[in-house]
Amino acid sequence: MGCGQSSLKSLDANPNGATASMIASMTKGELDDYQCPHNARIEAALAAAKDEIEQSKATSVWDEYEADTELIGRGAFARVFKAIRRSDQQPVAIKVIGRDTKAFSQQRRAMVTKIATMRTLQGHLNMLQLHGVFEDQEGFHVVVEYCKGAALLEQIHKRG
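Reading the values: rules and limits
- Residues numbered from 1 in each chain as written.
- Predicted model: local features only at pLDDT ≥ 70, side-chain atom pairs only at ≥ 80, totals over all residues.
- Heavy atoms only, no water.
- Helix = DSSP H or I, 4+ residues; strand = E, 2+ residues; numbered from the N terminus.
- Buried < 20%, exposed > 50% of the residue type's maximum accessible area, 1.4 Å probe, protein only.
- Contact = heavy atoms within 4.5 Å.
- Areas by Shrake-Rupley, 256 points an atom, 1.4 Å probe, with all protein chains shown as cover.
- pLDDT = per-residue confidence, 0-100.
- Salt bridge = Lys/Arg side-chain N within 4 Å of Asp/Glu carboxyl O.
- Phe/Tyr/Trp six-rings, centres within 6.5 Å; stacked < 30°, edge-to-face > 60°.
- Pairing = 2+ DSSP bridges.

Draft legend 1. The arrangement of the overall build of the protein in detail. Assigned secondary structure in the protein consists of 6 helices and 5 strands. If you list the helices and strands of the protein from N to C, you get α-α-α-α-β-β-β-α-β-β-α. Buried residues in the protein amount to 37% of all 160 residues. For the protein, contacts bridging at least 24 residues in sequence account for 51% of all contacts bridging at least 6. Counting every atom, the protein has about 9,800 Å² of accessible surface; 52% of that belongs to carbon and sulfur.

Draft legend 2. Region of the structure containing the confidence of the model for the protein. Chain-level statistics for the protein give a pLDDT mean of 75 and a share of 69% at 70 or above. Summarising per-element confidence for the protein, the mean pLDDT is lowest in helix H1 (residues 20-25) (60) and highest in strand S2 (residues 78-85) (92). Within the model, pLDDT remains below 50 along residues 1-17, and this stretch shows 32 contacts once partners closer than five positions in the same chain are excluded.

Draft legend 3. Molecular detail of the pattern of salt bridges. Across all of its chains, the model carries 4 salt bridges by this definition. Measuring nitrogen to oxygen at the nearest pair gives 2.7 Å for the salt bridge that ties Arg-119 to Glu-52. One end of the pair, Arg-119, is in helix H5 (residues 104-120); the other, Glu-52, is in helix H3 (residues 39-56), and 67 residues separate them in sequence. A salt bridge links Arg-85 to Asp-88, with the shortest nitrogen-to-oxygen separation between them at 2.9 Å.

Draft legend 4. Quick look at the packing of aromatic side chains. Summed over the entire model, instances satisfying the criterion amount to 1 aromatic pair. Measuring from ring centre to ring centre gives 6.3 Å for Tyr-65 and Phe-134, while their planes differ by 80°; the resulting arrangement is edge-to-face. A residue pair is termed long-range when its members are at least 10 positions apart, and Tyr-65 in strand S1 (residues 65-74) and Phe-134 in strand S4 (residues 130-135) qualify at 69 residues.

Draft legend 5. Structural view of the pairing of strand S3 (residues 91-98). The buried fraction of S3 is high, at 6 of 8 residues. Alignment of S2 against S3, held across 7 bridges, turns out to be antiparallel. Looking at S3, one finds that Ala-83 is bridged to Val-92. Inspection of the sheet shows S3 paired to strand S5 (residues 139-145) by 7 bridges, in the antiparallel sense. Note that in S5 the partner of Ala-93 across the bridge is Val-144.

Right under this line is the structure:
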């Protein structure tokens, strides 16, 4: 695989670094084999995401956010709750991936990639904005902007 391959978007298309599809679709081994001048940026984004997760262990998500009992989503490995950021009373969504899930270690590796992708694309109008990530005895807490309204799939079904 090389930089000129047409299936990959140009990294220069995103002023903040690598494209989401590139980071999200590559494993560590694939990144090692990928001979591209942008590889260092991708590695840096992944390393920063790992550091962010490690540093988050020192702080509780509930120190900065007030939980709301409203469950706004549920998936195979996670639940999403509405919450309020204490500093400015802004609503946020907190995705909780519990340690009790069978695939937690897999989810942890995927979380690093997701955080790297979201941080790389931070500020893009079509991306959900990541406010923070926390890891504690309960699991992962991924804090993102709250988007009011129905889930995307529900909206698609409504429109036909």
